[in-house]
Amino acid sequence: PSRPETEPSVVSPLGAGESHAFARGKLIHRLLQTLPDLDAGARAAAARRLLARPAYGLSSGQIDAIAAETLAVLAHPEFAAAFEGPGLAEAAIVARLGARALSGRIDRLCVRDEAVYVIDYKTNRPPPADVKDVAPVYLAQLAAYRAALAPLFPGRAIRCALLWTHAPRLMPVPAAMLDGFAPN
C-alpha cells in the first residue's frame, strides 16, 4: 500500500517531471521522520543542514521552501499528538488480510491509551480540500493499515489521517469511509 499502482498526479516546486515530485516527497518524508526526535529549537537548522547536502542539488530557495513547509507541519497545533511524545516513524507492518499479504510502512504510528493513530504523509500539490475528494488508492492504503493493526490493539480505536504537507493540513479520515475500502 505504500506504493500504490495508480497515484494522483503531483505538481512539484522542484521542477517538471515525476522524478522531481518523487525526490521532493522523499526529502519531506525524511525530515518528518527525523526532526520530531529533536528539540523544537534545533529543527530548523537540522532541516537546512540535511537539505543543503550537495547530493540533493537544491537551490537555497528550494531548501528554504521545503524546510519551511516541513517545519510548519511540525509546529501546527493540530499535529501535536502525532509529533510529541512517543511515536514511530516509518513503522514497518506485515500482515495477512484475508487472501492478501500486506507489507508496508506507516509514516507515523502513535499508540496512545485512548487510540492508535495512523498518519500517512502526502505531498500532493495542491491537496484535496475535502476528504470526499481523496483518491481511492489512499483510502484503501489506510483501510489496510487499520485492518492489520486492529487485532494488535483490541478495544482501541484505530484513527487514520492523511497529512497534506503542502497546506499543512491534517485530514482525519472517518472510519465509516474506510469501511468501504476494508480488505477482504
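A short tour of the structure in this document, coming up. The structure displayed is predicted, hence computed values, not measured ones. (Residues numbered from 1 in each chain as written. Predicted model: local features only at pLDDT ≥ 70, side-chain atom pairs only at ≥ 80, totals over all residues. Heavy atoms only, no water.)

1. Section: the overall build of the protein
Let me state the cut-off plainly: Numbering goes from the N terminus for both helices and strands, where a helix is a DSSP run of H or I of at least four residues and a strand is a run of E of at least two. A simple rule labels every residue: compare its accessible area, found with a 1.4 Å probe on the protein chains alone, to the largest value its type can have, and call it buried under 20%, exposed over 50%, or partly exposed in between. The contact rule is simple, with two residues in contact once any of their heavy atoms fall within 4.5 Å. Note that accessible areas follow from Shrake-Rupley with a 1.4 Å probe, and for residues the cover is restricted to the protein chains shown.
What the protein contains, in helices and strands, is six helices and five strands. Along the chain direction, N to C, the helices and strands of the protein fall in the order α-α-α-α-β-β-β-α-β-β-α. Expressed as a percentage of its 184 residues, the buried residues of the protein come to 45%. Taking all contacts inside the protein whose residues are at least 6 apart in sequence as the whole, residues at least 24 apart take part in 64%. Surface accessibility of the protein: about 9600 Å² in total, with carbon and sulfur atoms responsible for 56%.

2. A closer look at helix H3 (residues 60-75)
Quick note on the threshold: In this scheme, a helix's expected span is set at 1.5 Å multiplied by one less than its residue total.
A rise of 1.5 Å per residue sets the reference length of H3, with its 16 residues, at 22 Å; its end C-alpha atoms lie 22 Å apart and thus fit the reference within 8%. Residues Gln62, Ile63, Ile66, Ala67, Glu69, Thr70, Leu71, Val73 and Leu74 constitute the buried set of H3.

3. Details of the side chain of Arg112
To be explicit about the condition: Residues scored as positive are Lys and Arg, those scored as negative are Asp and Glu, and His as well as the terminal groups of each chain are ignored. A side-chain nitrogen of Lys or Arg and a carboxyl oxygen of Asp or Glu constitute a salt bridge if their distance falls within 4 Å.
Within the secondary structure layout, Arg112 lies in the loop between strand S2 (100-111) and strand S3 (115-122). Of the side chains bearing the opposite charge, Glu114 lies closest to the buried Arg112, which forms no salt bridge; the N-O distance is 5.6 Å. Discounting residues that sit within four places of it in the chain, Arg112 has contacts with Ala81, Glu84, Gly85, Pro86, Tyr117 and Arg156.

4. Re helix H5 (residues 136-149)
Because an α-helix packs 3.6 residues into every turn, residues spaced three or four apart end up facing the same way. Compared with an ideal rise of 1.5 Å per residue, which puts 14 residues at 20 Å, H5 spans 20 Å between its outermost C-alpha atoms and is within 8% of the ideal. Counting buried residues in H5 gives 10 out of 14 residues, a clear majority hidden from the surface. Along H5, the positions that sit buried rather than exposed are Tyr138, Leu139, Gln141, Leu142, Ala143, Ala144, Tyr145, Arg146, Ala148 and Leu149. Buried-residue contacts for H5 involve strand S1 (88-97), S2, S3, strand S4 (157-164), strand S5 (169-173) and helix H6 (175-179).

Interpretation note: all reported values are geometric properties and have no functional meaning in isolation.
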